[in-house]
Each structure stands twice: as C-alpha cells, then as structure tokens.
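# Architecture at a glance
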Amino acid sequence: MIAAVLIPFAAAVLTGLVVLWPGGAPPHEHSGLGLDQKTESGRVVKIEEVDCTKAGAQPQQQPPGQQGGPDGAGGPAKPKGPCEKSEIEVTSGPDKGRTFTELVQPSASRHYTVGQEVVLAYAPKAPKNLQYSVSDVDRTLPMAILAAVFALAVVVVGRLRGVFALIALVISFGVLTLFILPAILQGSDPLVVAVIGGSAIMLIALYMCHGLTARTSVAVIGTLTSLLLIGLLGTIFTNWAHLTGNTDDQTGLVHSLYPEIEIRGLLLAGIIIGSLGVLDDVTVTQTSAVWELKDADPSASWRKLYGAAMRIGRDHIASVVNTLVLAYAGASLPLLLLFSIADSGVGTVATSEIVAEEIVRTLVGSIGLVASVPVTTALAALVVSADRHNASTRPGGGPGLGSRAGGRARAKGGRRRRAK
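So, how was this worked out
Residues numbered from 1 in each chain as written. Predicted model: local features only at pLDDT ≥ 70, side-chain atom pairs only at ≥ 80, totals over all residues. Heavy atoms only, no water. Patch = residues over 30% accessible without salt bridge, like charges linked within 9 Å, V, L, I, M, F, W, Y side chains within 5 Å. Areas by Shrake-Rupley, 256 points an atom, 1.4 Å probe, with all protein chains shown as cover. Salt bridge = Lys/Arg side-chain N within 4 Å of Asp/Glu carboxyl O. Helix = DSSP H or I, 4+ residues; strand = E, 2+ residues; numbered from the N terminus. Pairing = 2+ DSSP bridges. UniProt positions renumbered as here; feature names shortened; annotations may be inferred. Buried < 20%, exposed > 50% of the residue type's maximum accessible area, 1.4 Å probe, protein only. Expected span 1.5 Å × (residues − 1). Arc of directions from axis to C-beta. Core = buried A, V, L, I, M, F, W, Y, C linked by side-chain atoms within 4.5 Å. Contact = heavy atoms within 4.5 Å. Axes fitted to C-alpha atoms, helices over the stretch in contact; angles between N-to-C directions. Parallel < 35°, antiparallel > 145°, perpendicular 65-115°, else oblique. Left-handed = near helix turned anticlockwise from the far one by under 90°. Nonpolar A, V, L, I, M, F, W, Y, C, P; charged D, E, K, R; others polar.

Where nonpolar side chains cluster on the molecular surface, the patch consists of Val155, Leu160, Val163, Phe164, Ile167 and Ile171 and spans about 440 Å² of accessible area. Within the secondary structure, Val155 is located in helix 2 (residues 140-185).

Here we take up the pairing of strand 1 (residues 38-50). The sheet contact formed by strand 1 and strand 6 (residues 117-122) spans six bridges and is antiparallel. Bridging across to strand 6, Arg43 finds its partner in Glu117. Bridge count for strand 1 against strand 4 (residues 83-90) is eight bridges, and the pairing is antiparallel. Considered in strand 4, the bridge of Val44 is made with Ile88.

Following the UniProt record, the feature "transmembrane region" (unreviewed entry) maps to residues 140-157, 164-185, 191-209, 218-241, 261-279, 320-342 and 362-384 here. Across residues 261-279, the secondary structure splits into 89% helix and 0% strand, with the terminal C-alpha atoms separated by 27 Å.

Judged by which residues are buried, strand 5 (residues 99-104) turns out to be one-sided: Phe100, Glu102 and Val104 face inward and are buried, whereas Thr99, Thr101 and Leu103, on the alternate face, are not. In this structure, strand 4 lies alongside strand 5, joined through six bridges in antiparallel fashion. The partner of Glu84 across the bridge, within strand 5, is Val104.

Taking 1.5 Å as the rise per residue, helix 1 (residues 2-20) with 19 residues should run 27 Å; its terminal C-alpha atoms sit 27 Å apart, in good agreement. Taken together, the buried positions of helix 1 are Leu6, Phe9, Val13, Gly16 and Leu17. For helix 1, the buried positions fall inside an angular range of 100° around the axis, keeping them on one side. Facing away from the buried surface of helix 1 by more than 90 degrees, the exposed residues are Ala4, Ile7, Leu14, Val18 and Val19.

Bringing the nonpolar core into the picture now. Phe9, Val13, Phe179, Met202 and Val220 are the most contacted members of the largest nonpolar core, which totals 42 residues. Secondary structure elements with two or more residues in this core: helix 1, helix 2, helix 3 (190-210), helix 4 (214-240), helix 6 (263-296), helix 7 (302-331) and helix 10 (353-386). If you look at the next biggest cluster of nonpolar residues, it comprises 12 residues, including Phe100, Val104, Val118 and Val134.

It is worth spelling out the environment of Phe179 at this point. Within the secondary structure, Phe179 is located in helix 2. Between the alpha carbons of Phe179 and Gly24 there is a distance of 7.9 Å; along the sequence they are 155 residues apart. Among residues more than four places away in sequence, those in contact with Phe179 are Gly16, Leu17, Leu20, Trp21, Pro22, Gly174, Val193, Ile196 and Gly197.

Let us now look at the packing of helix 1 against helix 4. Here helix 1 crosses helix 4 at 60°, and the two axes come no closer than 11 Å. Judged on the interaxial angle alone, helix 4 and helix 1 are oblique. In this structure, the crossing between helix 1 and helix 4 has a hand that is left-handed. Contact with helix 1, carried on its side by Ile2, Val5, Leu6 and Phe9, involves Ala214, Ser217, Val218, Val220, Ile221 and Leu224 of helix 4 and no other residues of that element. Here the contact of helix 1 with helix 4 is composed, by residue class, of nine nonpolar, one polar and no charged.

So, in structure tokens, the structure goes:
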C-alpha cells in the first residue's frame, strides 16, 4: 500500500523536475539597484582621522525634537567627533590595485580596520571617482569557520547518520539553487515549482538520512499530506486576505526586474518551503515513537500505540508551535518596534499587510504541523500493527528492540536452568 502511494508520487516529482528544469537563471544586466549590482573585492589599507567639516562630510539628518537643527526642530546636525578617512584597495576585477577613499562619520554603524576585507559595489558607467563604494564587509572567514564547527558537531554526535544528514543538506541546497530559484526566474508558477522542489528535497533528505524503510515511508506520506493542507490553506487565506506578497524592497526589486513572476505565488512558495523542514522533524519523530513503542510492547494494539504516541505528539506540538511563532517574531522584530514607536493599536498592526503576511505564514504552517501529528501517528500505528514480522524484525530488516531484549532474556533464562 505504501509503494502504491509513493512510487507514483516519486515518478510525478521526477517528471516535474525534468519538465520544469530551467537550465540556469536567465541572464540580465545589473540595474545597480539594491542587491542587483556588480560587486568586487576590496581591502582597507589605511585609515586616518580627519576633521569632518574640512573633509566635506555631509551633515546628518536628526529626528525632530533633538538638538542640532534650527530651533531644535530637527534637521542637519554637525558630526560629533572626527571622521575616519579610509583608503580602500580594489583586489579583484579589471581595476585590481586601484585605490579610492571612503569617509566614515562618527555616528556610522560600521567602522573599518586596517587589513579588513570588504565588498565593493561597482558601477562601471559612473564617473571614475564614483565607480567604487563599500557596500558590505567580507564575512567569508567567520561564516566558513561557523559552518565547519556545525559540520563537526553533527558528525561527532550523529556519526554516520550525521554524515548522511550533511550530504542531504548539500543536495537540498543544490535543488533550491539549481532548480527552484532559476525555475521561478524563468517564469514558472512559483507554487508548482515549490511543491515539486520541496517534494524532491523531502524524498532525498528523509530516505538518505533515515534509510529506505517502511518507517521513513510513513513519515514521507505524513509530510506530503501536511504539505498539501498547507498549500490549500495558504491559497485560500492569501486570496481571502488580499495579500499581494509585495511588502518589502527586495520583493519589489525582483518584481521590477522580472515582471512575469507571480508575487503572490512567491509568497505561497515561501510558506511551503519554510514549513517543510519543521514538518520533517515532526513526522519522523512520530513514526519513530510508534515503532519504538511497538518494539517495547509487541502485543500492543493499534489503539494503544496511537494513544501513547499522541501523548508524545501533543508535547511536540506545543513546543514546535511556540518555536515557529517566536522565530517569525524574532525575524520581524525591527518591524514590530516601528509599530510600537508609532503607537499603533494591536488591530491596526495585525491587519496591516506586512504583518498579516507573517501571521498567515505562521498560522498556516502551524495548522499543517498540528495536523501532521495525528495523521502520521495513525498511519504509523496502522502500518506497524499490520506488519506480521514486527515482533521479530525492524522495518529495515534488522532485529527490533523488543526481539533483542526477549532473545537476551531467553538466553539468560536458559543459562540459569542449565546452571541449576
């Protein structure tokens, strides 16, 4: 029965990958707006303190009511303290070796140090003295070290399973960057692309990390069912709430560069992909709980297994839902601070599109998570109860916990009888 469901599903996913495979992102000329700009590498080679006024630093705009502007009504204020004149060397591209200066005011949020690697925005059509500017700092080294520590921790604790988890993570990232993103840029429906790409990630990650077993297959079916529910609810409520998905500068820039992309579909795609990782965790945990309960008590009925596993699932639901809400709240903290500063009412904040989008994303994903627990648990209990060989073997072919414990007990008892 599991094969009858999963084999056609896997074939449909493979067909979708072949049909919609984009063959790379479409080429385009950089507009120079926001993140869509050419970049080069650079390095800070010299820093000296200079008088801001003599260096030509522009006065900074102050909020109303603060000193520094005319009559304290806000406006330009003189910088307090010396400015930093940084000499930057271009270390890549056609102008490698060229230097330019960057003036950093005292109140700037980012200051540089000599030898620091930076990312340069490059505008080839601008005047020569304005072609380069510092857009960000180079974080390659700390990010690489953090990734290495993460990989080491996963391998040390997870051992071989951890190695497979890392391989699955790399493959998942490959599907995201080689299929999902380019296919959306090529004009394919974002929701369809997300469903196919997310399903491919789910199949690869679950079977690679947990093995080709009935236990994993139950988790796959439970995840698939929940994803379908999330997609359905997401479609209904984004349409009903009239959410456009165009609520930030990045989305607006993408839409201006690629007008054929359906932004509302992009919102739905984000909901599905964002829910997938947590769904995998919930469904795998529930199926594992059911199998271990059956191993511990081979005589347990379907009803008893379902009740015991649901008690575990309820604890999981409480923690996961809280995690989702706090994760979205943390990501939107600057936005919530702005609403708090504006002294907006709770109703006004919750129904504004930029917040309502996050609320719909959170609640739809949470409903899918909650639904995945009883669905996966019921299916796992049915499958493990229908397996006639469960008392003596695991789904993957190895002996179960109950059979091993029983075998040891019988052998021990036999030795006692012989000793007497």
